[in-house]
Each structure stands twice: as structure tokens, then as C-alpha cells.
Amino acid sequence: MSEQSVITPAADAKPNTRKVFVKTYGCQMNVYDSERMTDALSKDGYQATDVLEDADLVLLNTCHIREKAAEKVYSELGRLREMKKARAKDGREMVIGVTGCVAQAEGKEILRRAPAVDLVVGPQTYHRLPEMVARVARAAGTVVETDFPVEAKFDHLPEAAAPQGITAFLTVQEGCDKFCSFCVVPYTRGAEFSRPAAAVIAEAKRLAAQGAREITLLGQNVNAYHGEGPDGAVWGLGRLLRALAEIPDLARLRYTTSHPRDVDDALVAAHRDLPQLMPFLHLPVQSGSDRMLRAMNRGHGAAEYRRLADRLRAARPDLALSSDFIVGHPGETAEDHRASLDLIRAVGFAQAFSFKYSPRPGTPAAGAPGQVAEAEKEARLAELQALLREQQDGFNRSRLGMEFPVLFTGPGRHPGQIAGRSPWLQPVHVQDAPAALIGRVAPVRVLAAHPNSLSAALADPRAAAPGSPYHSPHHEPDANPEEEERARA
Ligand code: 5AD
Ligand code: SF4
């Protein structure tokens, strides 16, 4: 889970309006929410800025998943407090808001620890953000809004105003009912909620019309998706993906983050049948020890995860897996740790995130006996990460000489270079390729594998030629280049 700062330009902002600076921490769901908040505020005349000093309104859209993420927010608030004071001396106001999961989890505690904050808004009430900002601006005091309202925030948030680009994110599901022992999400994001399929399909069509070629469906537990279908039936994620695969301009579909227990036959079948569904799946397992999996309340064992990986690979033989691991969950012994290493060796991961267990207040594991010493956690994490690193390097090297389609998303770092993503989400750079390929899928051959990216050349000379069918936005290929490549693989 990487920290990022994303600034979304407001599409219809008026000149000389107030400015909003949004800093986003944590997951893609937060990036998506930040964009929707900026859109909502733009209707009230707020224009997005990436210059903090210019901002009349600063929003920190926060993450609470691990302690470090929450503490980062408090130190940023310390810096903002000084800035707010300096601005006040010049007679200018700066409204500071905390949104996201820290806001939800800590509520009024934020105002106590960081009195410069004017506004605390949980993830379920973003549609009321403009009204809350107005209340603060009217000097009505601070506002804390962290209720879980019955109505869905999606019904109130404006439709995506600013085009997201060639790769776009679309939230289909929020919240989680799984209550893993270590996790704050069920408390910060609330109960599982799925958007109706028709709303998702409409948003996907709009994104495609704005130029998106790839959509990643988002949800804290995305494959728990059970939205109302246009036919009145409950649709699972597999059914939804099938409907989205019918949108002609969408070359690629992905979804994240999944829970092993919610992978059903329909989802496996979607991996088998839909060429648009990319063969790369983030499927966190957290541990390879049955004892730990039970303590974590994951609802499955290590052998079940291995069987699931086999089923998915049988359906889509080129599928690669990514995962999350936690070391040092309360009660974890050296033997449990070895079981995690064994599972990693047995399954093989193209990529993975791993974390030291971090106690989150209010979660069952935080108060559980058998807390693991910090030094032990460090040592286990280092060992696990070395193995995962080796596997990632091996996976990247295994692509050497291979041909596969790349969706080009922009220019590369060097002149004449363009960059995109492999089906397995690896960044790919191609030298001396026409910029007309940006936004298109074309086959490449891998020339070199690096730890975090691949260098490649165009594999089809037609892709480089002026007037190539690969470049034309309305080209109905004799075969979709993506499909063609898959058939060849
Ligand atoms: N401590 C460490 N890692 C955690 N994660 C979630 N909660 C904790 C915690 N308390 C990790 C899990 C999850 C990922 C998003 O963050 O691995 O899959
Ligand atoms: Fe947290 Fe994921 Fe477990 Fe839900 S399934 S409680 S989001 S770790």
C-alpha cells in the first residue's frame, strides 16, 4: 500500500475561485474518493491546486490500516498548523479537513490532538462535504461527521467530472464484513455495500467514452460484490465483469482487492472466458500457517488457498498472483513463520506486499496475548521479503524474450520512449516507438528484465508504421490485438 498525493483538476471551476489541496494517503479507494470529493467541491467553486501555500482548503484523505499511516497524518497536521498560523497573520484563512479512515476511526480525538483541524469527515459522508465546508466557512465552528448514513454516498456524489485517462478506477463495492482479527476496515468503512450493476456499467461506459482503455474495479473486498442486477437478480463480480467486457472500447479489466473465500465459480469462469480480464490477481493470503489463518479469522486454510491458486491457473494458465502478508501477528511462532515461507515457495508470487503486524486499537488482535517482539518481527519480515523479492525477480526474468500485448499509457522517461503495462501490471518501456500508440494495445517482445520493470521492442512491425491499424481509435481489428496476442501465447 503506497502513499500518494493526487491532485485532481476541477473540470468546471470558475476563475478566481477558492483553491483546494487534497493529499491522498493509502489505497486506490482513497485516490478514487479524493477525485470524487474534488469534483463535488468544484460545483461550489473550488479549484484544485497542487501548491499547498495557495490553498484555502486543505484536505488530508487518510489511511488507518497500519499505525505508521495514521501517525504520518498527525505529523502532517503539525506542519499545516504552522502554515495556517502564518496565513492568518496575512489575514487569509486556511480551512483544514481530515477525511478517510483516520477521520472515521479517531473522530473527535483528531480535534483534541490537532486543534488546527476544522473538519473531520468519514468516508461515508463525502457527498455532504461541500455543505460541511460551508458551515466551517460561516464560522459555525468545527464539524465532525462520521456517521454511517443509511443512504448510499454514491447516489449523491457527482458523476466523475474529470476524465481519469487511459487507465481508470471505478469503485463497485465498499466496506467489509469479514472482521479479520488485525484489520480496522470493518470499523472505518462499515458494512459491505455493493453499487447496483447498472450504475457501475453506466460509469464504465462514461469512462470508456472519455478515453479509458483499462478499468480497475475497486472495493475493500471487491469480490464480495453482490450488486442488484438490471434483471432484478443479485449479480456477483463474475457476472458484472462479463457485462463490462461487452463495452467495446475497454481493452482491459482488473479488480482489487479480493478475498480468497469470495472467489466463486462464476469468477473463476470469468478468468477463463474473458480475454479482457487481465491474468494478474491480487489475492491476499496474509499467512501460510493454518493456526495463524484461524487466529486471523480468515475463514480458510493454507491448503485451500493453494487449491484456489490451482483452480485459477487451470482456468487461465498465464495467471500470476500477488499477495499481502503479515508477519508477527499475535501468537505467531517460528514454525508458523516457516509455514508462510513454505506457502510462498509452493504458490509462487509475481509480486507481493508484506508488513509487520501493527496493533490497531479496537481490533481483536490488538489485545490478544502472544504479541511478538519487534526485533523478531523485523527478522521475519526481512526473511519473507528476501524470498518474495527473489520470486518477483524470477517472474520478471521469466518474461525475457516473451511476446505479449502492452497497453501504452504515456511517454517514457527518455526521448522517443513510450511506456505502458504488461498484462501482469509490470511497467514496460519501449524505445523508438510512435507516440500514436499511447492509449492503444500493441504486442511487444521483452529485451531486458529489471527488478521493477521490463524493456521491450514492438513485436509487430505494423505497430510502428505510420497509419497503422494499431493507431486508429476506430479500428475494428480483424482481431483485437490483445486477443490476437493471447491466441498466439
Ligand atoms: N498490521 C499489519 N498489516 C496490516 N494490514 C491490515 N491491517 C494490518 C495490521 N494491523 C495489511 C494486510 C492487508 C493490507 C492492506 O494491509 O496485509 O491485506
Ligand atoms: Fe480487512 Fe480485508 Fe479482512 Fe476485510 S477481508 S477485515 S478489509 S483484511
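Scroll up to find the structure.
Now for a description of the structure that goes with this document. (Residues numbered from 1 in each chain as written. Chains lettered and ligands numbered in written order. Predicted model: local features only at pLDDT ≥ 70, side-chain atom pairs only at ≥ 80, totals over all residues. Heavy atoms only, no water.)

## Details of the overall build of the protein
Across its full length, the protein holds 15 helices and 21 strands. For the protein, buried positions account for 56% of its 489 residues. Taking the intrachain contacts of the protein between residues at least 6 apart in sequence as the baseline, contacts between residues at least 24 apart amount to 72%. (Helix = DSSP H or I, 4+ residues; strand = E, 2+ residues; numbered from the N terminus. Buried < 20%, exposed > 50% of the residue type's maximum accessible area, 1.4 Å probe, protein only. Contact = heavy atoms within 4.5 Å.)

## So, the packing of helix α9 (residues 265-273) against helix α11 (residues 302-315)
At a closest axis distance of 7 Å, the pairing of α9 and α11 adopts a crossing angle of 40°. Between α9, through Asp265, Val268, His271 and Arg272, and α11, the contact on the second element is made entirely by Arg311, Leu312 and Ala315. In terms of residue class, the contact of α9 with α11 is made up of three nonpolar, one polar and three charged. (Axes fitted to C-alpha atoms, helices over the stretch in contact; angles between N-to-C directions. Nonpolar A, V, L, I, M, F, W, Y, C, P; charged D, E, K, R; others polar.)

## Looking at the nonpolar core
In a soluble, globular protein the nonpolar side chains are often hidden away together inside. Membership of the largest hydrophobic core comes to 55 residues, with the highest contact counts inside it found for Leu217 and Leu240. Ignoring sequence-local partners within four residues, the contact set of Leu240 consists of Val172, Ala197, Val200, Ile201, Leu217, Tyr225 and Trp235. Judged by nonpolar contacts, the second largest core, of 24 residues, contains Tyr25, Leu52, Met94 and Val98. (Core = buried A, V, L, I, M, F, W, Y, C linked by side-chain atoms within 4.5 Å.)

## Side note on the sheet that holds strand β3 (residues 57-62)
The six strands are arranged β2-β1-β3-β4-β5-β6 in an open sheet whose pairing can be described as parallel. Here the strands that pair on one side only, and so sit at the sheet edges, are β2 (46-48) and β6 (143-145). Adjacent strand axes in the sheet meet at a mean angle of 20°, parallel and antiparallel pairs treated alike. Where strand β5 (residues 119-121) lies against β6, three bridges are found, and the strand directions are parallel. From the neighbouring strand, Leu119 faces β6, where its bridge partner is Val143. Those strands touched by helix α2 (residues 67-89) are β1 (18-24), β3 and β4 (95-100), and its axis lies near 175° from that of β3. On top of the sheet, helix α5 (residues 129-137) reaches β2, β3, β4, β5 and β6; it is set at about 165° to β5, its chief contact. (Pairing = 2+ DSSP bridges.)

## Side note on the site of ligand 1
Arg66, Phe182, Gln286, Asp324 and Ser358 are the nearest of the 12 residues found near ligand 1. For ligand 1, an oxygen atom lies 2.6 Å from a polar atom in the side chain of Asp324. Within the backbone of Ser358, an N or O atom sits 2.7 Å from a nitrogen atom of ligand 1. Coverage of ligand 1 by the protein amounts to 92% of the 400 Å² it exposes when considered alone. (Near = heavy atom within 4 Å. Polar contact = N/O pair within 3.5 Å; in protein donor to acceptor, adjacent residues only side chain to side chain. Areas by Shrake-Rupley, 256 points an atom, 1.4 Å probe, with all protein chains shown as cover.)

## Digging into the sheet that holds strand β7 (residues 167-171)
Picture the strands of a sheet paired through backbone hydrogen bonds; they go either parallel or antiparallel. One open sheet holds the three strands; their spatial order is β7-β10-β13, and the pairing between them is parallel. For this open sheet the edge positions go to β7 and β13 (252-256), each flanked by a neighbour on one side alone. Averaged over all neighbouring strand pairs, the angle between strand axes comes to 25°, with direction disregarded. Sheet topology note: the β7/strand β10 (residues 214-218) ladder contains five bridges and is parallel. The residue bridging Leu170 from the neighbouring strand is Leu217, located in β10.

## Remarks on the pairing of strand β16 (residues 351-356)
Two elements, strand β15 (residues 320-327) and β16, share six bridges in a ladder whose sense is parallel. Note that in β16 the partner of Asp324 across the bridge is Phe353. For the crossover that starts at β15, traverses helix α12 (residues 334-347) and ends in the parallel β16, the hand is right-handed. (Right-handed = clockwise from strand over helix to strand, strands pointing away.)

## Some thoughts on the pattern of salt bridges
A full pass over the atoms with the stated rule returns 28 salt bridges. Two residues, Asp265 and Arg311, come together in a salt bridge whose shortest N-O distance is 2.9 Å. Here the residue Asp265 occupies a position in helix α9, and Arg311 occupies one in helix α11, the gap between them amounting to 46 residues. Here Glu374 and Lys377 are joined by a salt bridge, their closest N and O atoms 4.0 Å apart. One end of the pair, Glu374, and the other, Lys377, are both in helix α13 (residues 374-398), three residues apart, so they sit about a helical turn from each other. (Salt bridge = Lys/Arg side-chain N within 4 Å of Asp/Glu carboxyl O.)

## Here we look at the environment of Gly78
Along the chain, the position of Gly78 falls in helix α2. Among the residues examined, Gly78 registers a relative accessible area of 34% and is labelled partly exposed. Taking the C-alpha atoms as reference, Gly78 lies 9.6 Å from Pro115; in sequence the two are 37 residues apart.

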